[in-house]
Structure formats: C-alpha cells, structure tokens
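Understanding the architecture of this molecule
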Amino acid sequence: MTNYVKIFDTTLRDGEQAPGFSMTAGQKLRLVKALEGLQVDIIEAGFAAASPGDFDAIRTIAHEVKDSTVCSLARCNENDIRASGEAIKPAKSGRIHTFIATSPLHRKYKLKMSRDEIVARAVAGVELARQYTDDVEFSCEDAIRTERDYLKRVVEAAIRAGASTINIPDTVGYTTPEEIRDLFEFLTSGVEDADSVTFSAHCHDDLGLAVANSLAAVRGGARQVECALNGIGERAGNCAMEEVVMALRTRYDFFGLATGIKTPGIYGASRLLATLTGNPVPRNKAIIGRNAFAHESGIHQHGVLANRETYEIMKPEDVGVNTDNLVLGKHSGRAALKNRARKLGFELSDNQLQSVFIAFKELADEKKEVFDTDIEALILGEAVSTDGPWQISSLHVSAGSNMNHPMATVRLKHSDGREREHASQAAGPLNAVFDAISQITDIPMKLDHFGVRSVSGGEDAMAEATVRVSTDFESYQGLGTSTDTVLAGAKAYLDVINRIERRAVRQTSIAAQH
Ligand code: KIV
Ligand code: ZN
C-alpha cells in the first residue's frame, strides 16, 4: 500500500454549503488559487446541479485550475451526474463524486428505497459518471451507520461499475477512532478488488472527533482524506485540513505517511478563507489560531528562548506564520510587495497586485514602517472591499466631549450606479456611522458585536474591525481594515451589508430558475 495520502479539499462544497460561509464566484476563484498553491490533490468545487450559479462557478474553476483535480458532487441521478460531467469538462483532470445513502435510517425515511434498489442506483450512477470521466468517486452517505455486510455489497458493486475512489463518510459525526479504524481495516482487507481503488475518509466534527477519526481511518488503510480549511462544513464542520496535514507531517515517525501539501501556504489560505466568509478563526484554534505559536507564561518563554523545541512541536514558518515581521517602506516597489505577499502565502494576480500596491503606497505615506501584518491586512481588505456592491465614497464624522450627539455623514456608491448620502446622529460616532449606512442601504440590522484590534505595533498601527450582526433570519460577520478606526468599523459594517445583498441577489436568481 502506498504511503501517500491524497488530500481532497471540500472547503468549496461541504464548507461553502454551511450557513454563513457562502462565497461569490469571484471569491471562490480566489480561494481556489490558494488551494492550488497548497497543492491540494483534489478540489471539490461545488455541487453542479444545486443552481446555475454553482454550475458556472465549477466550470470556471475547472477552466482555471491546472495542477489539482477538479471535482463536482452529484447525487446518484441522471440530472446531477450529467450536470457534474458538463461542469468539469474544461478541467485538465476532472472527477465526478456521486453518492447515495446506505444506512437503514436513510433508506427507510429519506430515500424510501430497498437495499436492492439502492445498489442498482449506485451502479447506474457510477456507470453514467464513467461516460464523462475515468475518475469517479462513489460515497455511501451515512456509511458509518450502515450494516457492514450491506456496506461491503454496495462498495463491491460500485467498484465493479467503475469507481476508482470509495468514500466512507461519517455523515453525522458519530464514529470513534477505534471503530472507524476497524471499519477501514474490514473494507480494505475484505472487499473484492480493494487494491484497485483508493479508500477515502470523510468525517464530520459533531463530537469534536473529525481529525482523530480521519487519522484513525488512515491507520486502517484510507489513502484519501476529505477535509476543509479551518474545519468548515455542515453543522460542526468537517475534518480540518490544516490539522490532519500537520498531524501527519509532525508525527511522520508514527504514521509513516506523507501528503503533497505545501504547508507554508496554510496560514495565508486560512486567513483568506476567514476574510472572504467573514468568519474569524478562534484565537486558540490548532495550527492557525493567533495563539497557536504564542508563548505567554514566563516559564514557557524561558524554555523557548533556550531552545524552541521545549514548547514547540512545529515551526511557525512551516505553516506560513511569519515571525520575522520584516519592514517595507514607501520606496519599496511592486516586485518587493509581490514577493513579500507570496512569502505570506498570497499569490496576487496583476489586478490584485495593482490595487494592493495603491493601498500600500497610501499606507506607507501614513506609516513610517509597513510590517508583514499590515500587508496581510491590506491584501485581505482588498479581497473583501472589491466585491461590493456598495463602496464607501466618503465618510465624515464629528464627535467630541462638547457634542451631545456625534454626527456621521456617509456617502455610498452602488455598482448599479446609484449614489446616496445620509447624515445620522447617535450616542457614539460608530453608531452614527452604522445608522447612516443602514438608512442608505435600507437594511436594518441588530448589532451583536463590534470589536477592534491593531494588526501591528506602534501608534500608527492599522486597525482591524469585526462586526457581527443579525437580521430576522441569519447572523453575519464582517471585517474592515484601515489606519482610521472609525473607517475600519464602517468598512466592516458595509462588508456585512454587501454579504446580505449578494445573498439576496443569489436567492432571487435561484428562485427565478426553478
Ligand atoms: O457528509 C457526507 O456524507 C457528505 C457526502 C455527500 C460525501 O458530504
Ligand atoms: Zn459531508
């Protein structure tokens, strides 16, 4: 058995389908570039039959990606499989991932199908998918709660029909490490022609065991792990890519298995995802949290100064966390900026470099020294501010101890050409700004949380504002950066408004198509 574990990234499918994590086509493409930079083996780009928007996004991704296999999910039915087949057509290497549920609960209550009917559907699905590509993955949804003899029967039928990857999902995050290892050992040793296919694990995190279960599955013979950056995904999420990859790498002595992931790109890709979706990573999150490499207690600091390995099992730079914090200044050129961005894990297109460079020059005029953390904030700020539809044209605030009610005048421009201005007074300057933005955009929201932190040191540091709001239906997060705290807050609030408006447009277009 090979000692290579394929990394199948489902950030754009299982991750993106979770509430609060949706992305525009442009955002997906941006993330795909980061995933390709990580050298992910397979990118599950979406579910082609879900909507015309999803279909188009997968097709564009299939066109753009050169180094990874691009995959589309399909239920085992003709419409889904044909949609996936068409969507991945432009890919250099394309995969169809088709699935049907096999557990007694799903058979009886969801599918209302007999065991035999499900086997027949699985075989027909795989055979049809094979008409589009030789690379077909088959999943038994809720495999963990499926009777073993029946699971074996479905898997053998799928292999005979032409599947080359067999995925065994723990759809509801129910299994334990020992149980799943045993199941993979049973399948990889007992299934007819097991050697001709790759077995894959797909674990959800409902009991907080997704990474541990995926690693145990690998011990049992899985050679593909399905995972998502930052562990995003349905309900409690999927197996976190950064965790499973770094566990295999750090404990090579134990697992003896390798992945092809270029780990220094992990931190940048994770930050990009957090910014694009407006969902910050918790400070204490393994591998990529802000505290993951911070040593606060005196005893730990003392140890690390004497020898880093006393308290560090991985080097920060191995996952792209930069500890040098080098400085650029106003005389630094475009090439230096591009180079530094690459070191931070961001591959900028010419257009992106152009807008980040303008922002960099403006910042370098205001700040003596521009640190890596500032550059990261500029890149991430650019990633959200260009998505619109609303942009800030101007913002004026008057506030102070001799004013009863601070006042904010905000002017916004919409991508459809509308330009509107509103002045609001409120108890605080930020409340006044938020109110003016809500009045202009006509989106009332309840502010649940506002936070601001400096991204680098010094009195001229950049501020990063985060806003969490709720509407009648959902909760949203937004992010904004600027050297001006009030402007950072306004950008974060507008980021949320833009997410709500983009979502409404998407839903209207889906409703119109059905
Ligand atoms: O969790 C699950 O079962 C899935 C399948 C579609 C693979 O996401
Ligand atoms: Zn899943």
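In the block above lies the structure referred to throughout.
Residues numbered from 1 in each chain as written. Chains lettered and ligands numbered in written order. Predicted model: local features only at pLDDT ≥ 70, side-chain atom pairs only at ≥ 80, totals over all residues. Heavy atoms only, no water.

1. What to know about the side chain of Asn498
Among the structural elements, Asn498 can be located in helix H18 (residues 485–513). Asn498 sits in the buried class, given a relative accessible area of 5%. Among all residues touching Asn498, those that are not within four sequence positions of it are Gly388, Pro389 and Trp390. (Helix = DSSP H or I, 4+ residues; strand = E, 2+ residues; numbered from the N terminus. Buried < 20%, exposed > 50% of the residue type's maximum accessible area, 1.4 Å probe, protein only. Contact = heavy atoms within 4.5 Å.)

2. A short note on the site of ligand 1
With respect to spatial proximity, the complete set of residues near ligand 1 consists of Arg13, Asp14, His97, Phe99, Ser139, Glu141, Asn167, Pro169, Thr171, His202 and His204. A distance of 3.0 Å is found between an oxygen atom of ligand 1 and a side-chain nitrogen or oxygen belonging to His204. Computed on the free molecule, ligand 1 has an accessible area of 260 Å², of which 94% lies beneath the protein chains in the complex. For the shell around ligand 1, the secondary-structure elements that each account for two or more residues are helix H1 (11–15), strand E4 (94–101), strand E5 (136–141) and strand E6 (165–170). For the shell around ligand 1, the class distribution of residues is 2 nonpolar, 6 polar and 3 charged. (Near = heavy atom within 4 Å. Polar contact = N/O pair within 3.5 Å; in protein donor to acceptor, adjacent residues only side chain to side chain. Areas by Shrake-Rupley, 256 points an atom, 1.4 Å probe, with all protein chains shown as cover. Nonpolar A, V, L, I, M, F, W, Y, C, P; charged D, E, K, R; others polar.)

3. Overview of the pattern of salt bridges
Inspection of the entire model under this criterion finds 36 salt bridges. We note a salt bridge from Lys152 to Glu156, for which the minimum N-O separation is 3.3 Å. Highlighted residues: Lys152 and Glu156, both in helix H7 (residues 148–161), separated by 4 residues, approximately one helical turn. On the accessibility criterion, Glu156 (12% relative accessible area) is buried. Arg340 serves as the salt-bridge partner of Asp372, at 3.0 Å between the closest nitrogen and oxygen. Separated by 32 residues along the polypeptide, Asp372 in helix H16 (residues 372–385) and Arg340 in helix H14 (residues 334–343) bring together distant segments of the chain. Like Arg340, Asp372 is buried. One network of salt bridges, with partners in common, ties together Arg271, Glu376, Arg453 and Glu464. (Salt bridge = Lys/Arg side-chain N within 4 Å of Asp/Glu carboxyl O.)

4. Observations regarding the sheet that holds strand E14 (residues 446–454)
Here 3 strands make up an open sheet; going across it, the order is E14-E15-E16 and the pairing antiparallel. For this open sheet the edge positions go to E14 and strand E16 (475–482), each flanked by a neighbour on one side alone. The mean angle between the axes of side-by-side strands here comes to 15 degrees, regardless of whether they run parallel or antiparallel. Here strand E15 (residues 463–470) runs beside E16; their pairing, made up of 8 bridges, is antiparallel. Bridge pairing links Ala463 to Ser482 in E16. (Pairing = 2+ DSSP bridges. Axes fitted to C-alpha atoms, helices over the stretch in contact; angles between N-to-C directions.)

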